Amino acid sequence: MQLPVLNEAPAAKSGCSTSSCGSTENQMDALPDSIREKVQNHPCYSEDAHHYFARMHVAVAPACNIQCHYCNRKYDCSNESRPGVVSELLTPDQAVKKTMAVAATIPQMTVLGIAGPGDPLANPERTFETFRRLSEEAPDIKLCVSTNGLALPDAVEELSKHNIDHVTITINCVDPEIGAKIYPWIFWNNKRIKGKKAAKILIDQQQKGLEMLIAKGILVKVNSVMIPGINDQHLAEVSRVVKSKGAFLHNVMPLIAEAEHGTFFGVMGQRGPTPDELQDLQDACSGDMNMMRHCRQCRADAVGLLGEDRGDEFTIDKIEEMDIDYQAAMEKRKVIHTAIQAEMDSKRLEKAQKAEQFKAEAKLATRPVLMAVATLGQGLINVHFGHAKEFLIYEASPDGVRFISHRKADQYCGGDSTCGDGESVLQQTVRALAGCEAVLCSKIGYEPWDLLEAAGIIPNGEHAMEPIEEAVMAVYKEMASAGKLDAKPEAMRASA
């Protein structure tokens with residue numbers, strides 16, 4: 001089925017490659033019907049949906065009630081993609097106008113979230129005024145909130161009154177000893193509290209809020225930041241605890257700690273996890289919990305598909321000039337969403353059938369292989385290597401293909417006149433793909449081809465516009481037939 005053209009976004013702006021702010025297809029199949037229905041078109045909760053549906057965040061919540069060593073809320077950082085960063089702080093009225101403008105312009109949009117730049121529940125008036133207005137004026141938009149959980153128990157009743165059936169809580173520990181190394185202070189009952197006492201209060205409030213949300217029938221996703229040497233060995237316990245209390249999805253994210261961001265961890269030289277360390281932890285937690293692997297750690301004012309940001313199209317001055325017929329936009333969106341869902345259902349069924357066929361036919365006894373894929377979404381290989389801003393990482397094995405993670409990269413080629421000028425950027429991109437043995441894209445030039453081969457990575461442009469999983473498995477079979485999977489390259493995994 002060919003979907004209609006959904007918008008006129010410039011090609012350079014397009015983003016989300018394919019698979020990740022949610023659960024895998026197998027995990028989706030294992031979910032109860034009531035949960036699967038709620039998340040099937042939620043790009044941040046369904047790995048399937050994030051290829052097709054868009055989300056947006058509105059930055060209406062400036063204040064925060066805790067301090068995290070990995071956080072530095074910043075304004076006017078348009079080139080920075082991480083939580084807590086915004087270009088404009090909005091009033092509730094502006095947030096409503098922006099949401100309706102985006103929903104009318106980007107018909108794939110399904111979700112509006114408030115995630116900062118501070119904590120939404122530390123700004124209850126601004127947050128709930130925005131939700132109240134949107135539940136009335138844009139009833140077809142799913143509403144979500146992300147919180148550190150300190151003020152959550154007091155807000156659960158109000159959250160349940162609106163069109164909010166998804167809440168994300170950031171829970172980095174369930175041990176105050178560990179929490180004291182992550183949170184220097186909290187602001188609680190009009191007092192600044194520090195150390196283990198502060199961490200214990202925060203943990204207790206998070207767990208209480210989680211239990212209250214589940215009792216109200218509200219879906220809960222838990223975010224955790226993986227901090228090597230601090231909570232990395234503890235997060236499997238966090239996963240076990242939150243699952244036992246009803247959370248349905250766990251998102252273990254890598255610490256972002258570059259010194260230029262000005263965070264305590266960044267200045268003090270705390271490193272983030274390697275891709276292998278993150279994957280190993282996610283795999284360790286996945287035995288107890290559905291794991292989200294496609295998270296992009298979005299800005300607090302992100303707009304568009306996961307992995308893209310079209311926020312500069314919807315600044316305050318631009319939305320003030322827009323004439324929006326939201327009723328007409330809703331009708332158009334309903335038609336497009338129905339078409340998208342039909343295509344997703346068809347592809348999911350086809351993929352399951354092919355997976356069963358592969359298992360019946362292929363008796364490979366080969367090792368797993370990581371492959372990088374350049375894509376703009378819809379589950380296809382559809383990006384030139386030089387235009388990729390991120391790569392999706394898939395693992396191929398005798399059991400099939402599974403999505404692992406995404407890795408960011410700077411765009412090497414800005415067009416015909418600049419291709420080849422970014423040698424250092426190209427080298428950085430190749431290094432970012434360490435541990436992968438192949439990269440699949442729509443096209444690739446001679447220079448990156450040579451550098452990839454020198455790094456032990458097979459470049460492949462033969463599967464343009466083909467479904468990702470099918471292409472990855474085809475390349476895997478080719479590698480097996482050529483005898484390239486006979487020996488396991490231990491050194492390659494160690495260097496990733």
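So, a few notes on the structure that sits alongside this text. Since the structure is predicted, the reported quantities are computational estimates derived from the model, not experimental observations.

Take the pairing of strand S9 (residues 191–194) next. Each regular strand shows side chains that alternate between the opposite faces of the sheet. Bridge analysis of strand S8 (residues 185–188) against S9 gives 4 bridges, and the strand direction is antiparallel. Note that in S9 the partner of Phe187 across the bridge is Arg192. The turn linking S8 back onto S9 is made up of 2 residues, and Asn189 within it adopts a positive phi angle of 55°.

Here the focus is the packing of aromatic side chains. Counted by the stated rule, this structure contains 4 aromatic pairs. Between Phe385 and Phe391, the ring centres sit 5.5 Å apart and the planes meet at 45°, which makes this aromatic pair tilted. By relative accessible area, which is 2% here, Phe385 ends up buried. A cation over a ring is seen here: Arg192 above Trp185, with NZ or CZ 4.1 Å from the ring centre.

For the rest of this paragraph, the subject is the packing of helix H3 (residues 92–105) against helix H4 (residues 124–137). Closest axis-to-axis distance for the H3/H4 pair is 9 Å, and the angle between their directions is 40°. On the basis of the axis angle, H3 is oblique to H4. For the crossing formed where H3 meets H4, the hand is right-handed. Side by side, H3 and H4 meet where Pro92, Asp93, Ala95, Val96, Thr99 and Met100 of the first sit next to Arg126, Glu129, Thr130, Arg133, Leu134 and Glu137 of the second. Class assignment for the residues of the contact of H3 with H4 results in 5 nonpolar, 2 polar and 5 charged.

What follows concerns a nonpolar patch on the surface. Taken together, the side chains of Phe264, Val267 and Met268 make up a nonpolar region of the molecular surface, amounting to roughly 330 Å² of accessible area. Its place among the elements puts Val267 in helix H9 (residues 264–267).

Counted under the stated rule, the structure contains 17 salt bridges. A salt bridge links Asp93 to Lys97, with the shortest nitrogen-to-oxygen separation between them at 3.6 Å. On the criterion of helical spacing, the pair formed by Asp93 and Lys97 is a turn pair, its members being 4 residues apart in helix H3. Here Asp93 falls in the partly exposed class, since its relative accessible area comes to 34%. Put simply, Glu157 and Lys216 hold a salt bridge, and the shortest N to O gap is 3.0 Å. Here Lys216 lies in the loop between helix H7 (195–215) and strand S10 (219–226) and Glu157 lies in helix H5 (residues 152–159), a separation of 59 residues in the sequence. Note on Glu157: relative accessible area 45%, which makes it partly exposed. Within this structure, Asp93, Lys97, Arg133, Glu137 and Glu320 form a network of salt bridges that share partners.

A few words on the sheet that holds strand S14 (residues 390–397). Ordered in space as S15-S14-S13-S16-S17, the 5 strands form an open sheet in which the pairing is mixed. Pairing within the sheet leaves two strands with one partner each, and these edge strands are strand S15 (400–408) and strand S17 (458–460). In this sheet, neighbouring strand axes are inclined to one another by 25° on average, regardless of whether the strands run parallel or antiparallel. Sheet analysis places strand S13 (residues 369–373) next to strand S16 (residues 438–440), joined by 3 bridges and oriented parallel. Residue pairing for S16: Met371 is matched across the bridge by Ala438. Seen against the sheet, helix H15 (residues 468–481) touches S13, S14, S15, S16 and S17 and runs at an angle of roughly 135° to S13.

All right, on to the packing of H5 against H7 then. Where H5 contacts H7, the axes come no closer than 8 Å and their chain directions differ by 20°. As far as their axial angle goes, H7 and H5 are roughly parallel. Of the two elements, H5 crosses H7, and the hand of that crossing is right-handed. Taking contact as the criterion, the partners of Leu152, Pro153, Val156 and Leu159 in H5 are, on H7, Gln205, Lys208, Gly209, Leu210, Met212 and Leu213. When its residues are assigned to classes, the contact of H5 with H7 shows 7 nonpolar, 2 polar and 1 charged.

Rules and cut-offs
Residues numbered from 1 in each chain as written. Predicted model: local features only at pLDDT ≥ 70, side-chain atom pairs only at ≥ 80, totals over all residues. Heavy atoms only, no water. Pairing = 2+ DSSP bridges. Helix = DSSP H or I, 4+ residues; strand = E, 2+ residues; numbered from the N terminus. Phe/Tyr/Trp six-rings, centres within 6.5 Å; stacked < 30°, edge-to-face > 60°. Buried < 20%, exposed > 50% of the residue type's maximum accessible area, 1.4 Å probe, protein only. Lys NZ or Arg CZ within 6 Å of the ring centre and 35° of its normal. Axes fitted to C-alpha atoms, helices over the stretch in contact; angles between N-to-C directions. Parallel < 35°, antiparallel > 145°, perpendicular 65-115°, else oblique. Left-handed = near helix turned anticlockwise from the far one by under 90°. Contact = heavy atoms within 4.5 Å. Nonpolar A, V, L, I, M, F, W, Y, C, P; charged D, E, K, R; others polar. Patch = residues over 30% accessible without salt bridge, like charges linked within 9 Å, V, L, I, M, F, W, Y side chains within 5 Å. Areas by Shrake-Rupley, 256 points an atom, 1.4 Å probe, with all protein chains shown as cover. Salt bridge = Lys/Arg side-chain N within 4 Å of Asp/Glu carboxyl O.

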